[in-house]
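Chains, contacts and geometry: an overview
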Amino acid sequence: GLLLYSLVSGRLQGTAISAPLVFIVFGFAIGSGGLDVADIHPEHSAIHFVAEFTLILVLFADASRIDLGRVRRDHNLPSRMLIIGLPLTMVCGAVVAAYLFPTFSLWEAALLAALLAPTDAALGQSVVSDKAVPVRIRQAINIESGLNDGIALPVVFLIAALAGSEHLAMPASEWLKFGLLQVLLGPLAGVAMGYIGARAIDGAIERGWAGPAFQGIGILSLAVFTYVAAELIGGNGFIAAFIGGMVFGNSIRHPCTFLFEFMESEGQLFMLITFLVFGAALLPEGIEALNAMNLLYAVLSLTLVRMVPIAISLLGSGVRLPTQLFLGWFGPRGLASILFVLLILEESELP
């Protein structure tokens, strides 16, 4: 699949046929939904290792690219979309889920909404990079998609803990305590490791101790080490990876070009493998469970559940209605949602 796509990738660039779409279809074709030549199950430990490793790298690398100075300069639209639009999207999605799926508890409906709230600008890169789209709008989409998965992550884990408490003997207060420790200690570990790592790598480069190739390897190791450090003290490693990446990217004085180059090559490979796993392991189950209510929720989640809150968040911003609709429509669910789902499947006892 990788070889075949690489042969035609140039021809497909800028078209509606994106690499994730190709790999989802390819995964479905070789999985149980098609030829059934690849025996891939969501519960397999290798799947979760790839998913976790990919999520650590994606969160760290994406966060390291966030220029906090630019966010402060161009904060109006993305701030509105993140502070008002994202929570409203989760609330709206939870209300719709509770109405369409009466067997869901309140926390289960909220978890479904939180899993589907993050956006992924990479899935519509041809639109984001199109010069016909005003720079301000492109920047708003990039900043929002770069930050919303990191913001949604602690909400997902906290709600998953509360939803899981309904199915286990442990009282909800214990789950809430566990969830709060996860979302408080994780960022603390991320700030510490991101800053210390940036200072250590800067110092090694200035003294000529670190070779160019191993500078990049050191940064990737820092991402994993940040995750491990947070887990060891009872925090959430994924939240730590995101915060650590953001602190690292805004603290390091030397350009970390290797990290960006890695995410454009090897990182893309991990992400495409995740989409292939989704097509092979999750999509057949989804199609088997497809009914009118599931389909209706999917359509609403991709449209009104996202578009109405974003339009509300942009009231008074001076943005015209067509632009509001464009920013609201630009919410394809991507890598973050798939990886979050795989983590919930592994760590939660939810049915």
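Structural data are supplied above this passage.
Quick caveat: nothing in here was measured; it's all calculated off a predicted structure. (Residues numbered from 1 in each chain as written. Predicted model: local features only at pLDDT ≥ 70, side-chain atom pairs only at ≥ 80, totals over all residues. Heavy atoms only, no water.)

**Topic: the side chain of Asp202**
Counting through the fold element by element, Asp202 comes out in helix H9 (residues 172-206). With relative accessibility at 0%, the residue Asp202 sits in the buried group. For Asp202, the side chain forms a polar contact with the main-chain nitrogen of Arg253, separated by 2.9 Å. Not counting the four nearest positions on each side in its chain, Asp202 is found in contact with Ser251, Ile252, Arg253 and His254. (Helix = DSSP H or I, 4+ residues; strand = E, 2+ residues; numbered from the N terminus. Buried < 20%, exposed > 50% of the residue type's maximum accessible area, 1.4 Å probe, protein only. Polar contact = N/O pair within 3.5 Å; in protein donor to acceptor, adjacent residues only side chain to side chain. Contact = heavy atoms within 4.5 Å.)

**Notes on helix H5 (residues 76-100)**
For H5, spanning 25 residues, the distance from its first C-alpha to its last is 34 Å, which sits close to the expected 36 Å at 1.5 Å a residue. Of all the bends in H5, the greatest, near 35°, is centred on Gly85, and the proline Pro87 appears no more than four residues after it. (Expected span 1.5 Å × (residues − 1). Bend = angle between axes of the 7 residues up to and from the residue.)

**Quick notes on the environment of Asp67**
When you line up the elements, Asp67 lands in the loop between helix H3 (45-64) and helix H4 (68-73). Overall, Asp67 belongs to the partly exposed group, its relative accessible area being 39%. A C-alpha to C-alpha distance of 8.3 Å links Asp67 and Met246, two positions 179 residues apart in sequence. When residues no more than four places from it in sequence are discounted, the contact partners of Asp67 are Arg73 and Asn250.

**Description of the packing of aromatic side chains**
Counting across every chain of the model gives six aromatic pairs. Residues Phe157 and Phe238 carry aromatic rings whose centres are separated by 6.3 Å and whose planes lie at 15° to one another, so their mutual orientation is stacked. Placement of the pair is Phe157 in helix H8 (residues 135-165) and Phe238 in helix H11 (residues 237-251), with a sequence separation of 81 residues. An identical accessibility class is assigned to Phe157 and Phe238; each is buried. (Phe/Tyr/Trp six-rings, centres within 6.5 Å; stacked < 30°, edge-to-face > 60°.)

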